[in-house]
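# Coordinates in review
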Amino acid sequence: MNPRYEISADPFDATRVCRLSHNFGDHPGLSNEALRGLANRLQAKDRRHVKFIDPATRVDSRLHHDSKAHDGRSVDQVFDTLTTPGTYIALYEAQADPEFRKVVDDVIEAGRKLLSGDHAEIFDTDAYVFISCAPTVTPFHIDRENNFFLQIRGTKHTSVWQPNDRETVSEAAVEGWIVHQSLDQVVFDESRLPFAAVDGNVKGGEGVFMPSTAAHMTQTETPGGEVSVSVGFVFYSRATKRRANVHACNALLRRLGMNPTPAGENSLLDSCKYLMGFTAIRVLTALGRLQKPRGM
Ligand SMILES: [Fe+2]
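Residues numbered from 1 in each chain as written. Predicted model: local features only at pLDDT ≥ 70, side-chain atom pairs only at ≥ 80, totals over all residues.

## Observations concerning the overall build of the chain
A count of helical and extended segments in the chain gives six helices and 12 strands. Compactness check: the chain gives a C-alpha radius of gyration of 19 Å against a globular reference of 19 Å for 296 residues, within 12% of the reference. For the chain, the spread of C-alpha atoms along the principal axes amounts to about 55 × 40 × 40 Å. For the chain, contacts bridging at least 24 residues in sequence account for 82% of all contacts bridging at least 6. (Helix = DSSP H or I, 4+ residues; strand = E, 2+ residues; numbered from the N terminus. Rg over C-alpha atoms; globule rule 2.2 N^0.38 Å. Contact = placed C-beta atoms within 7 Å.)

Listed below in structure tokens is the structure:
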């Protein structure tokens, strides 16, 4: 752990979206050249780690990545020409690289100071690196993990909704993602933009804490070839595991024709549902009917 690095937020609540500040901008593991090395090592390990996005992607597009750049550039060519408008390269599950794991550890240790109770019992950390040059878009979606989303360099327009905002993403849509890993029901509705918890530019040294299932989308808009580097440092916790299994139970009840109380509204009910969801997921996995989702 490197004590010179810090992440701060005031106030901070692990169940709510909030803006962050941090000093990871000069971390040697996050320089453009370090990230070039990371991209090449990850691609050599498994091409699926390195992803590109169709330049025609809009905020309401389905989240879809390709393992080849649309303009045919190689990883090194992308890093040689990062200021090309529309450049977008993402490094998924970057913790698979032992060298980058140290960066993840530094960030998680800095972020851990903000966490307490069940939220501080962390497992399955990872990182997703996004390097882009306007105009680019990451469409509207939700994730399973909690996310210390840090803007390292450049500026990114970031829109994030609270995780319990059921007008923006329905309870059934969250369950579809948590249990079946389907984003089919997670659909952007422009009329919900005024209800975002964060909707604005996030600059180097800033970030956003996105709790599990908080809907979000990002856009790089700054003209003039500014390169944006942002990294989502993600993790599960005892609290996210509990919530995910409650969603699993609710998905089951919904399938049986019921209209279950949303997760998080009744803690006693949630305790029972956690046990039911936890058991159901394991039985379905053992029967080969489901691939056990991460974080559960
Ligand atoms: Fe995301």
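The structure having been displayed, the exposition proceeds.
## Section: the pairing of strand β4 (residues 88-91)
Here β4 shows two buried faces, one formed by Y88 and A90 and the other by I89 and L91. Sheet topology places β4 next to strand β5 (residues 122-133); four bridges connect them, and they run antiparallel. When the bridges of β5 are listed, Y88 appears paired with S132. (Buried ≥ 20, exposed ≤ 12 C-beta atoms within 10 Å, placed from the backbone. Pairing = 2+ DSSP bridges.)

## A word on the domain arrangement of the chain
Accessible area lost during the coming together of the parts is what is often quoted as the interface size. Domain parsing of the chain yields domain 1 (7-237) and domain 2 (241-286). Of note, the centres of domain 1 and domain 2, computed from C-alpha atoms alone, are 28 Å apart. Facing 13 residues of domain 1, the contacting portion of domain 2 comprises 11 residues. Elements with a minimum of two residues in the side of domain 1 that touches domain 2: α4 (171-180) and β12 (227-237). With six residues, α4 is the single largest residue contributor to the side of domain 1 that touches domain 2. (Domains from an automatic or database assignment.)

## Digging into the sheet that holds strand β1 (residues 7-8)
Across the sheet, which stays open at both edges, the eight strands sit in the order β1-β2-β10-β7-β12-β5-β4-β3 with antiparallel pairing between neighbours. Each having just a single partner strand, β1 and β3 (50-52) make up the two edges of the open sheet. Running over the sheet, helix α1 (residues 32-45) touches β3, β4 and β5 and is turned about 65° from β4. Each of β1, β5, β7 (146-153) and β12 touches helix α3 (residues 98-112); the most contacted strand, β5, lies at about 110° to it. (Axes fitted to C-alpha atoms, helices over the stretch in contact; angles between N-to-C directions.)

## Regarding the nonpolar core
Among the nonpolar cores identified, the biggest contains 66 residues, and L91, A127, Y128, V129 and F233 are the most heavily contacted of them. Both domains that meet at this core, namely domain 1 (7-237) and domain 2 (241-286), each give it at least three residues. Leaving out residues up to four positions away in the same chain, F233 has contacts with V104, V107, I108, A127, F148 and L150. (Core = buried A, V, L, I, M, F, W, Y, C linked by C-beta atoms within 7 Å.)

## Describing α4
The buried fraction of α4 amounts to seven of the 10 residues, a majority that puts the element mostly inside the structure. Listed as buried for α4 are A173, V174, E175, G176, W177, I178 and V179. Tucked into the core, α4 has its buried residues touching α5 (238-255). Phi turns positive, to about 55°, at Q181, one or two residues after α4.

## Considerations on the sheet that holds strand β11 (residues 216-220)
Spatially, four strands are ordered β6-β11-β8-β9 in an open sheet, and the strand pairing comes out antiparallel. Each edge of the sheet is formed by a strand with only one pairing partner; in this case those strands are β6 (136-141) and β9 (198-203). For this sheet, the mean inter-axis angle between neighbouring strands, taken without regard to orientation, is 20°.

## A word on helix α6 (residues 267-286)
Taking 1.5 Å of rise per residue, 20 residues should cover 28 Å, and α6 covers 28 Å from first to last C-alpha, within 8% of that figure. The set of residues buried in α6 consists of D270, K273, G277 and I281. On its buried side, α6 packs onto α5. Trailing α6 by a residue or two, G288 shows a phi angle of about 75°, which is positive. (Expected span 1.5 Å × (residues − 1).)

## Describing the packing of α4 against α5
In contact at an axis separation of 9 Å, α4 and α5 are set at 110° when each is read in the N-to-C sense. Of the possible angle classes, the one that applies to α4 and α5 is roughly perpendicular. Crossing hand, α4 versus α5: left-handed. Contact residues: E171, A172, V174, E175, I178 and V179 in α4; A244, H247, A248, N250, A251 and R254 in α5. Along the lines of polarity and charge, the residues of the contact of α4 with α5 split into seven nonpolar, two polar and three charged. (Parallel < 35°, antiparallel > 145°, perpendicular 65-115°, else oblique. Left-handed = near helix turned anticlockwise from the far one by under 90°. Nonpolar A, V, L, I, M, F, W, Y, C, P; charged D, E, K, R; others polar.)

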